[in-house]
Amino acid sequence: MTKNKASMNKSQPPIAYTKTKFEDMNGKRRMSTRKITSLALLSALAAFFYFLESVIPFMPPFLKLDISEIPVLLGAFAFGPGSAVIIELIKNLIHLPFTQTAGVGELANFLAGSVFAGTAGLIYHFIKNKKGAIISMAAGTIAMTVFTSLFNYYFLLDFYAKFYGMSMTDIIAMTSAVNIYVKDIYSMIVFAFIPFNLFKGLVVSLLTAFIYKRVSPLLHGKKRTPMPIPLENDAENKNDTND
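Residues numbered from 1 in each chain as written. Predicted model: local features only at pLDDT ≥ 70, side-chain atom pairs only at ≥ 80, totals over all residues. Heavy atoms only, no water.

Chemist: Please provide a residue-by-residue account of the overall build of the protein, values included.
Modeler: Of the regular secondary structure elements, the protein holds nine helices and two strands. Along its sequence from the N terminus, the protein presents helices and strands in the succession α-α-β-β-α-α-α-α-α-α-α. Taking all 243 residues of the protein together, 34% fall into the buried category. (Helix = DSSP H or I, 4+ residues; strand = E, 2+ residues; numbered from the N terminus. Buried < 20%, exposed > 50% of the residue type's maximum accessible area, 1.4 Å probe, protein only.)

Chemist: I'd like to hear about the nonpolar core, residue by residue, with values.
Modeler: One finds Leu73 and Phe77 to be the most contacted residues of the largest nonpolar core, which totals 24 residues. If you list the elements that add at least two residues to this core, you get helix H2 (15-50), helix H3 (69-79), helix H4 (81-95), helix H5 (104-126), helix H6 (130-163) and helix H8 (185-219). If you tally residues by element for this core, the top one is H3, at eight residues. Discounting chain neighbours no more than four positions away, the residues touching leucine 73 are Phe116, Ala117, Ala120, Met137, Val204 and Thr208. (Core = buried A, V, L, I, M, F, W, Y, C linked by side-chain atoms within 4.5 Å. Contact = heavy atoms within 4.5 Å.)

Chemist: A description of the packing of H5 against H8 should follow, citing residues and the corresponding values.
Modeler: In contact at an axis separation of 13 Å, H5 and H8 are set at 45 degrees when each is read in the N-to-C sense. Classified by the angle their axes make, H5 and H8 are oblique. As H5 packs across H8, the resulting crossing turns out to be right-handed. Residues Asn109, Phe116 and Tyr124 of H5 form the contact with H8, whose own contacting residues are Lys200, Gly201, Val204, Ser205, Tyr212 and Lys213. Of the residues assigned to the contact of H5 with H8, the class counts are four nonpolar, three polar and two charged. (Axes fitted to C-alpha atoms, helices over the stretch in contact; angles between N-to-C directions. Parallel < 35°, antiparallel > 145°, perpendicular 65-115°, else oblique. Left-handed = near helix turned anticlockwise from the far one by under 90°. Nonpolar A, V, L, I, M, F, W, Y, C, P; charged D, E, K, R; others polar.)

Chemist: How would you sum up H5? Please name residues and give values.
Modeler: An ideal rise of 1.5 Å per residue puts 33 Å on 23 residues; H5 measures up with 34 Å between its terminal C-alpha atoms. Those residues of H5 that fall on the buried side of the exposure criterion are Val104, Glu106, Asn109, Ala112, Gly113, Ser114, Phe116, Ala117, Gly118, Ala120, Gly121 and Tyr124. (Expected span 1.5 Å × (residues − 1).)

Chemist: Can you tell me about the packing of aromatic side chains, naming the residues and giving the values?
Modeler: Using the criterion set out here, one finds 15 aromatic pairs in the structure. Between phenylalanine 163 and tyrosine 164 the ring centres are 5.3 Å apart and the planes differ by 75 degrees, which places this aromatic pair in the edge-to-face class. Residue phenylalanine 163 is classed as partly exposed on the basis of its relative accessible area, which comes to 44%. Taken together, the aromatic side chains of Phe62, Phe147, Phe151, Phe155, Phe159, Tyr160, Phe163, Tyr164 and Phe193 make up a single cluster linked through ring pairs. (Phe/Tyr/Trp six-rings, centres within 6.5 Å; stacked < 30°, edge-to-face > 60°.)

Chemist: Mind laying out the side chain of serine 149, listing which residues take part and the relevant values?
Modeler: Secondary-structure assignment places serine 149 in helix H6. Taking the relative accessible area as the measure of exposure, serine 149 reaches 9% and is therefore buried. Among the polar contacts made by the side chain of serine 149, one reaches the main-chain carbonyl oxygen of threonine 145 at a distance of 2.7 Å. The residues contacting serine 149, other than those within four sequence positions of it, are Ile189 and Ile194. (Polar contact = N/O pair within 3.5 Å; in protein donor to acceptor, adjacent residues only side chain to side chain.)

Chemist: I'd love a proper account of the pattern of salt bridges, names of residues and values included.
Modeler: Counted under the stated rule, the structure contains five salt bridges. Across the pair lysine 200 and aspartate 66 runs a salt bridge, and its minimum N-O distance is 3.8 Å. With lysine 200 in helix H8 and aspartate 66 in the loop between strand E2 (64-65) and H3, the pair connects residues that are 134 residues apart, well separated along the chain. Overall, the relative accessible area of 3% leaves aspartate 66 in the buried class. For lysine 162, the salt bridge identified is with aspartate 158, shortest N-O distance 3.3 Å. Here lysine 162 pairs with aspartate 158, and both are found in helix H6, just four residues apart, close to one helical turn. Look at lysine 162 and you get exposed, because its relative accessible area is 63%. Put simply, Asp66, Glu69, Glu88, Lys91 and Lys200 are held in one network by salt bridges that share partners. (Salt bridge = Lys/Arg side-chain N within 4 Å of Asp/Glu carboxyl O.)

Chemist: So what's going on with the confidence of the model for the protein? Residues and values would help.
Modeler: Counting all residues, the mean pLDDT for the protein is 83, and 78% of those residues have values of 70 or more. Of the regions scoring below 50 in pLDDT, residues 15-19 engages in zero contacts with residues more than four places distant in sequence or in other chains. Long-range and interchain partners of residues 225-231, a stretch whose pLDDT sits below 50, account for zero contacts in this model, where long-range means more than four residues apart. (pLDDT = per-residue confidence, 0-100.)

Chemist: So what's going on with the environment of valine 178? Residues and values would help.
Modeler: Positionally, valine 178 belongs in the loop between helix H7 (168-176) and H8. For valine 178, a relative accessible area of 34% translates into the label partly exposed. In the structure, valine 178 is positioned 118 residues away from proline 60 in sequence and 6.6 Å away in space, judged by C-alpha atoms. Leave out the neighbours within four places in its chain, and valine 178 touches Phe58, Met59 and Pro60.

Here it is as structure tokens:
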């Protein structure tokens, strides 16, 4: 009888394993729902910030500064570079019906933002600490600056000029009117596009670094544990006890 009971116990699957597996499936489902909700919220915030773009001094009117990359960068740090590209895509699709550049600006914004946040998110995925965050944002800024410089030099500026029936001379004149250092397309890249993207990357990185730790628990569905507040009554009680 003892041997039969032992063999029966071995053949039966452990109940605790089935329960743990079920709970793990529920946990993954809740995590997936939380991620979808967070991505939707970040996309909406990014689209909202995109509408607040503005021209900055010494830059041509087609270079407008916005902070819509902050939610994208938050998504990259919290969920990875792939999620950052998704947020960037949704943001530009929301903005597309209101475009003033026939989609050219949205295309450039999507590509530049994806390179910026994607690079930062990829590096941070392997170095998840304060130093890694600094390195990832610096690398993202440099990658965005290099990409936008080459992209504009070899493709976008020429496409932009032809689309609006302008010449490259007209675009250079438009830029040199606000920046005296711009004389040709090369100097426009050096003295307009490179400073613009470096400044944008710096602003977005500083603001993201300031708020990420504060919003990270919300994105992951975790509650921040409040610090215990010492009460005056407790101190008085301890003094009475010591007396």
